[in-house]
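Here are the chains, one letter per residue:
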Amino acid sequence: MSDLESVHNFYEKKVFDEINDHYLNSGLTENQLADMACIALNRIPPKYIRYDIDMSFYMSGQEHQEVDERVKQAVKKAHKKIKKLDEIE
């Protein structure tokens, strides 16, 4: 793996984990869940990093809570949007 391949958005895994932990059995298709991840990630300003441990190590407990809440809210709003689109179809 090249050094460039290690660069990623810090929030990606957090959003994916939130969806897997709380929305996987919500009746949405895998395609809808992927769309939901995109919508949620577009609501959160990206933080590009190379190593998750570096980001986590330098954050305070309060910052960890704020990140978790930001992710929860973005995913929740994305879920509402996907459900609304599903009702229209």
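Higher on the page you've got the structure.
Everything in this summary refers to the structure shown in the same document. (Residues numbered from 1 in each chain as written. Predicted model: local features only at pLDDT ≥ 70, side-chain atom pairs only at ≥ 80, totals over all residues. Heavy atoms only, no water.)

### Let's talk about the overall build of the protein chain
Alright, step 1. Counting its regular elements, the protein chain contains four helices and two strands.
Alright, step 2. Secondary structure elements in the protein chain, listed N-terminal to C-terminal, are β-α-α-β-α-α.
Alright, step 3. Along the first, second and third principal axes, the C-alpha atoms of the protein chain reach 45 × 35 × 20 Å.
Alright, step 4. The proportion of buried residues among the 89 residues of the protein chain is 29%.
Alright, step 5. When contacts within the protein chain are restricted to residue pairs at least 6 apart in sequence, those whose partners lie at least 24 apart make up 85%.
Alright, step 6. Carbon and sulfur atoms make up 50% of the accessible area of the protein chain, which totals about 6500 Å². (Helix = DSSP H or I, 4+ residues; strand = E, 2+ residues; numbered from the N terminus. Buried < 20%, exposed > 50% of the residue type's maximum accessible area, 1.4 Å probe, protein only. Contact = heavy atoms within 4.5 Å. Areas by Shrake-Rupley, 256 points an atom, 1.4 Å probe, with all protein chains shown as cover.)

### What about the environment of H79?
Alright, step 1. The residue H79 is located in helix α4 (residues 61-88) in this model.
Alright, step 2. With relative accessibility at 18%, the residue H79 sits in the buried group.
Alright, step 3. In this structure the C-alpha to C-alpha distance between H79 and D54, which are 25 residues apart in sequence, comes to 30 Å.
Alright, step 4. Beyond its immediate stretch of four places on either side in the chain, H79 contacts Y23, S26, L28 and M36.

### Brief notes about the nonpolar core
Burial of nonpolar side chains together is a common tendency in soluble globular proteins.
Alright, step 1. Among the nonpolar cores identified, the biggest contains 21 residues, and F10, Y11, V15, I19, M36, V71 and V75 are the most heavily contacted of them.
Alright, step 2. Of all elements in the fold, only α1 (10-22), α2 (30-43) and α4 reach the threshold of two or more residues within this core.
Alright, step 3. Tallying contributions element by element places α4 first for this core, with six residues.
Alright, step 4. Residues in contact with V15, not counting those within four places in the same chain, are A37, A40, L41, I44, V71 and V75. (Core = buried A, V, L, I, M, F, W, Y, C linked by side-chain atoms within 4.5 Å.)

### Re the packing of α1 against α2
Alright, step 1. Running from amino to carboxyl end, α1 crosses α2 at an angle of 135°, the nearest separation of the two axes being 10 Å. Comparing the axis directions of α1 and α2 gives the class oblique. Read as a crossing pair, α1 and α2 show a hand that is right-handed. Across the interface between the two elements, Y11, E12, V15, F16 and I19 of α1 pack against L33, M36, A37, A40 and L41 of α2.
Alright, step 2. Residues of the contact of α1 with α2, tallied by class, amount to nine nonpolar, no polar and one charged. (Axes fitted to C-alpha atoms, helices over the stretch in contact; angles between N-to-C directions. Parallel < 35°, antiparallel > 145°, perpendicular 65-115°, else oblique. Left-handed = near helix turned anticlockwise from the far one by under 90°. Nonpolar A, V, L, I, M, F, W, Y, C, P; charged D, E, K, R; others polar.)

### Some thoughts on the packing of α1 against α4
Alright, step 1. Following both chains from N to C, one finds α1 and α4 inclined at 60°, their axes separated by 10 Å at the closest point. Looking at the two axes, α1 sits oblique to α4. In the packing of α1 onto α4, the handedness of the crossing is right-handed. For the pair α1 and α4, contact is made by F10, Y11, K14, V15, E18 and I19 and by V67, D68, R70, V71, K72 and V75, respectively.

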